[in-house]
Amino acid sequence: MSEKDVPKTQTSSDSDSLSFLSFKEKDRTTTNMGLVDHFTKIFLHCRRAMVLAHRGGYWTLLQNSCRAFWNYSQELQILLKQALDLYKTFPINQDAFLCTSVLPFYLGAELLIDMLIELQNTNSIKIIEGKGEFSVPSCYGNIKNDNGGSSLTFEHPLDDVNVVDLKWIHDFVLKSLELLYQMEKWETLVSLAIQFNAISHERYTEQVTPLLVYAQRQLLLRIQTFDGPDSSQQPCGRYEADNAEKITCRNFIGKQLKINPPTSKVTTAENWADVLRKLVISEYSHAQELVCVPLDVTATLKCFRETLEKSKYHNRSLRHSRKLLSLFLAQPQDVLQASNQRSLKVQALHELGNVLIFAEKKRAALKCWCQALDDIFRKSDVLHTWKEFGTSLTNTNDSFSPPGFKDYSEEFLSTVGIWGCLQGAVISAKIAQFIKTSNVEKRISCCILSALLYQGLLRTTLPHPKIERCYAQYEITQLLPGIELFSDRYRADICSVVASLYYVIRELHFAKQNLLILPLLALYQYFVSGICQDIVRSLEARLLKVEVLIDLELFSEAFYEMSQILHGKNMPSTVPAGSKPTGKIKIFQSFDSGKPLTSKENLQALDDLVNKGLPVFLITFGQQHLLSKLCLVRAYFLISVAATINCISENTSKSFQQGPVSERNKATLPNIKELIVKDDGGSHTEFTKIRDDSILSTLKLILLSEAEEKLRYLLSELECLGPKDLCQCPVGELETVVEARLLMAAIALQKHRAAYSAAIVFSTLKLLQDSKIFKKLLPDDTENSIPSGTLTTENKDVNEFLDPISLNSREYFNIHLWLRCRLALVTAFVAQVNGIGIIKENDMTDCGSLISEVCVEAQNAGDGELQAEFLMQAVILGLQEKHLKADIITNLQNIIHLLEGNQFLSPRSSLTLARSFLLLDDLTKAETLRETSSSETDHFSLLAQAHNIVIEQMLTFGETIGFPVSSTEYANPIQPLKNIYLPHVMLLAKIKMRIGHTMVKKICYTDKTKDPSKWLPALHLFEMALTLCKISAIEENEVKAEILFQKGKIERQMLMDQKCPHSQLESLFEAIQLSLKNDQNSGLIRDSYLEMALLYFHLRKSKTRLSTSPLTFKNSSRRPSSIKEPLVPTFEMYSSLAWVSIRAAAQVSEAVLAINLLIGKKNSRIDKVNQVTLPNIPEFAAVDLLSSYTDYLLGMFTWLNILSKPVDLLQKKDVCARKDLRFQKPCGEQVYPARFRIDSLAVGHGTIRELKDSAGPVSWTSSESKVNTN
């Protein structure tokens, strides 16, 4: 094509593109030059710092300057390697790095050696060996002191870093020799090698002398090349001739050598340029001819042989074997055992086990690692008998320590030492990770052993607390002063320690061993932040710590940690100063776990958390998985706080509205600031109580809506892909989707949409089943199933597998996650109050069979604690559906058998065990109390065990407990409580109520005397239970009403004994009012009225005696009347009150009968739902009554709100409901999701609910029965 044919537009476009490319190239060049200049200046200033520190004699500063330079050079090498692996251009290549760093390394090494000589001369460090054949003494000792590696116990002087770090100086010098060798600086290499051999008395001659001999030979070759003088004319030879002393590699330090200046051969006739050129050539040639270091290779080799003859055989054997281990060719443990080198044998067995695991020989690796553990503890079969260790604390009956507490870590540290704990912890973690993969119980046992060994590092100094709860906000700033843990990578490799520790933390977190994790998180945070300066792992650890604290209901500590992240505080930095300050930070509001949610402080804290945006540093950091994790953790905190509010959120208590919930409430959603009411300083009136209830209902709506909005935003981009594309998404994104869906299911459950929650979990299980991470490509499929376009996808999967973040995400998808999803599914099914619909028997699956199947799954996986959780759901289901009492008791006994006696029971399972004792006592007490021959302890044994478990757990969680002096009394938490959000508080109130009730029944059966003091212990228990109910943040008014009723009965009995004339009926009145406002317990209301009637009849008989001290009533809230009421005789007043009480009890019975008749009417059971009355049904009731989880599955992946059209979907023939909805676990077992039979009628919140068995299909008619107590 000619130039004329080219359009002008194309020429213009080409010129613009060329100018744009030239601009980008120029900008890239400027950036690259700036980066080169940046590192050059860093190395220059580090070199200047070394010189200034050496001149001033600031030896600690000199070591810090050299260490800072070491860290910078390591970072630069990491950047170079990453650029090489990713085929990216980098402005600094390997040659430039060598040229820039060789001089600072050599200078630093010489200054460090000179520092050691100076410190030895001033006796500032201990001299291990005198001068002897060398010109200087040695603080290293000689080769006789070297065993080929480091011991697992403290070794002086190499492990003492208070003055100098001898091991690190050794590493620094070897690194300098490596760079000098690569740059071919032979004379400098010889000088530095001789000096280090002299100061270490050739202890490390096996690494140094081969380089020394090679460099000497290169120098001899250079002299021969440049026709230099022979050895006698070299400076060392002239020194020998002048001083009659031969310079060798052992006495070189301190010798002053002289060099004769070259003779000038330049004539005056030549011009200046030629003179200068010839002068430079002459000086260069003369410099190459002369060498100012010893060049006697024969003498060097002679010294080398003499030193090797002094070395120990196992020293050379271990060093050689470690070289061969990389080639799978060595097994040095026999030699080390013969030489009685236990520590080195442990290290060798550990390394050999690593090699065998890499070679997929698990049985041989397990044998090596178990033998290593046995040698560490000097005891056989430690992996299975380590629980025999541990010393019980002497003072265990105080108010702070749980009884029977054993400090394993203290004994581990005293038995195996610091590095023994590290070696044992890493080995135990590897056994759990690579060997015990099929049994959860054995894997968790290995992880607990590893955790206790890691905690042994925290027993080395007194400032570190011993109680695990104390690490909720504890940060380690200095672990072991004066000791460098990772000076020898064979003894303790920082990479292996950090990786194993993180695996143990996550595995124990999956198993809900959250208290045990707190010290490990503090230790991990110290390693990754203080030592590794890794901001990614530091943030991951902080977010995981927030999750752990939320699981433990430690909301104050969790809020503090989250605020630290959101405000960017205490973030690690590459600057040696540690954590860099982020400027002047505004003090944020804290969350107080000792105050209710309605307090100003806590409302303000929640408002700050909801409205706080993402931290700027995290956005600029560019780690998407950290942003997603922060969003999930924040939503989890809001959901968990909302779960402590025992009420129905405001929007679900209202009637149906059309449209999605988020759009419907976004405009009308109140702000938390609007809930903050100014404190008027008044008393706690009834109006204040009503206001607090309204605040809690609105607050729950806000918290759940905010959490749901964050999760929907997080899932918006991923969910739109559809199920097929979602199964092929990267493993990190899949982890986000699964975790977000489980949180969405929890939100739905709190909004009383159990069917919707079950549908979310069901779809999550299907997603896990279809995910690519559980699928393997069969060999038969590889021949003809790979198209050409999948090559890039395959490479992408390989890179994803090698990515550390993806590897951590892959560990998330394990049996723990599967069983966790199954538990969420079962919980949703059990929580659903079954409604009315046209249901056929073959269209649903029995929930009991689902629970049986998941129990088998948990049993096969060896997860006894989760199996107990499934059995507890079976107990709840049995109580709801009124199964046989014998079956329920059997399940409770199985739970107790699984959990009782486990020394390391998780906090969740401890609560499950206590609840099991409680329920078993309820089911077996009726028969036990009638047996008069049984001892008194039999009646209280189950309740006493539950009481002891809860008290011990509250001690563990940091509460102060007051233990009684008498054995007949019970321990009580000392008020004020530090954390009122613990579920233990309400559970303890229930236990004390039952103990008091049992005590009252026992007195009624056995003690027929009229001594009023016999009721005082039971009355004290009810009063304490009532106090705990009022304190607890998790309000259960039905329990409070029951306690008030029991307390009122005792007060009535004591009043009838004529010993308590000033007693009031407030307890019975308050019990009736609470029950009417909440669960409307007809039996409690009726019995309360009858108790009042009994008291009024008694007062009518004894009217004359009580006329001087009449019965007092609770003041009425009605306005006083100006009309004077006529006086009524006491006899007639009590008679009228008794008649009113009996009449009220009869009204309650009539209301119960009306409800039972309504349930039993056939026409009520088959009527269709009236379309007019449907909008008036509360949303939570309509979801329970009119929907099933299958109704939601069609719109699951587009997040359709099924509640907008409930009737249409119910009348529609859902394909999912007709199909056999079975899915497979990754291991291949078929599981059938359950759909409830309709066994009960829920009339709605605030009405009396009765459960009744029914076999046929049931329909529902909107009606309501009121209880008239007037």
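Counting restarts for each chain: residues are numbered from 1 in the order of the written sequence. Residues qualify for local features only when their pLDDT is at least 70, as the model is predicted, and side-chain atom pairs are given and counted only at 80 or more; totals for whole chains, interfaces and linings, by contrast, use all residues. Side-chain calculation: all heavy atoms of the structure are included, whereas hydrogens and water are not.

1. Focus: the overall build of the protein chain
Only DSSP runs of H or I covering at least 4 residues are called helices, and only runs of E covering at least 2 are called strands; the numbering of each starts at the N terminus. A count of helices and strands for the protein chain gives 49 helices and 8 strands. Scored against the burial criterion, the 1270 residues of the protein chain give a buried share of 50%. The contact definition used throughout considers only heavy atoms, calling two residues in contact when any of these lie within 4.5 Å. The contacts in the protein chain between residues at least 6 apart in sequence include a share of 73% that link residues at least 24 apart. With an accessible surface of roughly 61,900 Å², the protein chain has 54% of that area assigned to carbon and sulfur atoms. When a residue's accessible area, from a 1.4 Å probe over protein chains only, is under 20% of the maximum for its type it is buried; when over 50% it is exposed; and in between it is partly exposed. Computed with a 1.4 Å probe, the accessible areas rest on the Shrake-Rupley method; for each residue, only the protein chains presented here act as cover.

2. Focus on the packing of aromatic side chains
Stacked, tilted and edge-to-face pairs are distinguished by plane angle, under 30 degrees for stacked and over 60 for edge-to-face with tilted covering the rest, among Phe, Tyr and Trp rings (Trp via its six-membered ring) whose centres lie within 6.5 Å. Here the structure, examined in full by the defined rule, presents 33 aromatic pairs. When the ring of F389 is compared with that of F412, the centres are 5.8 Å apart and the planes differ by 65°; the resulting orientation is edge-to-face. Within this pair, whereas F389 is found in the loop between α14 (382-385) and β1 (391-392), its partner F412 is found in helix α15 (residues 408-416), the two being separated by 23 residues in sequence. On the accessibility criterion, F389 (9% relative accessible area) is buried. Our definition puts a charge over a ring when NZ of Lys or CZ of Arg is within 6 Å of the ring centre and also within 35 degrees of the ring normal. Seen from the ring of Y490, R489 lies directly overhead, with NZ or CZ sitting 4.3 Å from the centre.

3. Examining the nonpolar core
In terms of nonpolar packing, the biggest core is built from 263 residues, with F412, L479, L508, F527 and F637 touching the most fellow members. Here F637 is in contact with I550, F555, A558, F559, M562, L606 and L609, once residues within four sequence places are set aside. The next biggest cluster of nonpolar side chains, apart from the first, holds 66 residues, and it includes C46, V164, L180 and I247. For this analysis, a nonpolar core means a set of buried residues of the types Ala, Val, Leu, Ile, Met, Phe, Trp, Tyr and Cys, connected via side-chain atoms within 4.5 Å.

4. Quick look at the packing of helix α34 (residues 815-831) against helix α35 (residues 847-861)
Angles here are taken between N-to-C directions and fall from 0 to 180 degrees, while the axes themselves are lines fitted to C-alpha atoms, restricted in helices to the stretch in contact. It is the contact of α34 with α35, at a shortest axis distance of 11 Å, that shows an interaxial angle of 160°. It follows that α34 is roughly antiparallel to α35 by the angle criterion. In the packing of α34 onto α35, the handedness of the crossing is left-handed. Contact with α34, carried on its side by I815, W818, L819, R822, L825, V826, F829 and V830, involves C847, L850, I851, V854, E857, A858 and A861 of α35 and no other residues of that element. Taken together, the residues that form the contact of α34 with α35 break down as 13 nonpolar, no polar and 2 charged. Any angle that falls under 35 degrees is termed roughly parallel, while one over 145 is termed roughly antiparallel, one within 65 to 115 roughly perpendicular, and all others oblique. What makes a crossing left-handed is the near helix being turned counterclockwise from the far one by less than a right angle; a clockwise turn instead makes it right-handed. Amino acids outside the nonpolar list (Ala, Val, Leu, Ile, Met, Phe, Trp, Tyr, Cys, Pro) and the charged list (Asp, Glu, Lys, Arg) are all regarded as polar, and Gly is one of them.

5. Digging into the side chain of R542
For R542, the position within the fold is in helix α20 (residues 535-551). Pairs of N or O atoms within 3.5 Å make up the polar contacts considered here, provided that, within protein, one atom can donate a hydrogen while the other can accept it, and that residues adjacent in sequence are counted only when both atoms are side-chain atoms. Here the side chain of R542 touches N570 through a polar contact of 3.1 Å, landing on its backbone oxygen.

6. Details of unusual backbone geometry
Residues H156 and P157 are joined by a peptide bond in cis, for which omega reads 10°. Following Q975, the chain continues into P976 via a peptide bond in cis, with omega recorded as 5°.

7. Observations concerning the packing of helix α17 (residues 440-455) against helix α18 (residues 494-510)
It is at 10 Å that the axes of α17 and α18 come closest, and there the two elements cross at 125°. Classified by the angle between their axes, α17 and α18 sit oblique to one another. Crossing of α17 against α18: the hand is left-handed. Contact residues: α17 offers R443, I444, C447, I448, S450, A451 and Y454, while α18 offers V497, S500, L501, Y503, V504, E507 and L508. Of the residues in the contact of α17 with α18, the class split is 10 nonpolar, 2 polar and 2 charged.

8. Considerations on the pattern of salt bridges
Salt bridge, as used here, is a side-chain nitrogen of Lys or Arg placed within 4 Å of a carboxyl oxygen of Asp or Glu. Under the criterion given, the structure shown has 32 salt bridges. Here R491 and D159 are joined by a salt bridge, their closest N and O atoms 2.7 Å apart. A residue pair is termed long-range when its members are at least 10 positions apart, and R491 in the loop between α17 and α18 and D159 in the loop between α3 (94-121) and α4 (166-183) qualify at 332 residues. Here D407 ties to R459 by a salt bridge, and the two come within 3.3 Å at their closest N and O atoms. Of this pair, D407 sits in strand β2 (residues 406-407) while R459 sits in the loop between α17 and α18, and the two are 52 residues apart along the sequence.

9. A word on helix α41 (residues 1016-1031)
Helices are assigned an expected span. That span is 1.5 Å times one less than the residue count. Between its first and last C-alpha, α41 extends 22 Å over 16 residues, near the 22 Å set by a 1.5 Å rise per residue. Structurally, α41 contributes buried residues whose contacts are with β4 (972-973), α40 (983-1006) and α42 (1037-1056).

10. A closer look at the environment of I672
With respect to the helices and strands, the residue I672 is situated in helix α26 (residues 672-675). If near-sequence neighbours (up to four positions away) are discounted, I672 is found in contact with L603, L606, D607, V610, L699 and I702.

11. Describing helix α30 (residues 754-770)
Compared with the 24 Å implied by 1.5 Å per residue over 17 residues, the 24 Å span of α30 between its first and last C-alpha is a close match. Buried residues dominate α30, accounting for 14 of its 17 residues.

12. Quick look at the confidence of the model for the protein chain
Residue-level confidence of the predictor, termed pLDDT, takes values from 0 up to 100. This prediction gives the protein chain a mean pLDDT of 78; 76% of its residues lie at or above 70. Confidence drops under pLDDT 50 across residues 777-796; counting only partners more than four residues distant or on other chains, this segment forms 1 contact.

13. Describing the environment of N979
Mapped onto the elements of the fold, N979 is located in the loop between β4 and α40. N979 gets classed as buried once you look at its relative accessible area, which sits at 5%. Each C-alpha atom of the pair N979 and L554 lies 7.4 Å from the other, and the pair is 425 residues apart in sequence. Here N979 is in contact with E553, L554, S593, E959 and V985, once residues within four sequence places are set aside. At 3.0 Å, the side chain of N979 forms a polar contact with the backbone nitrogen of Y981.

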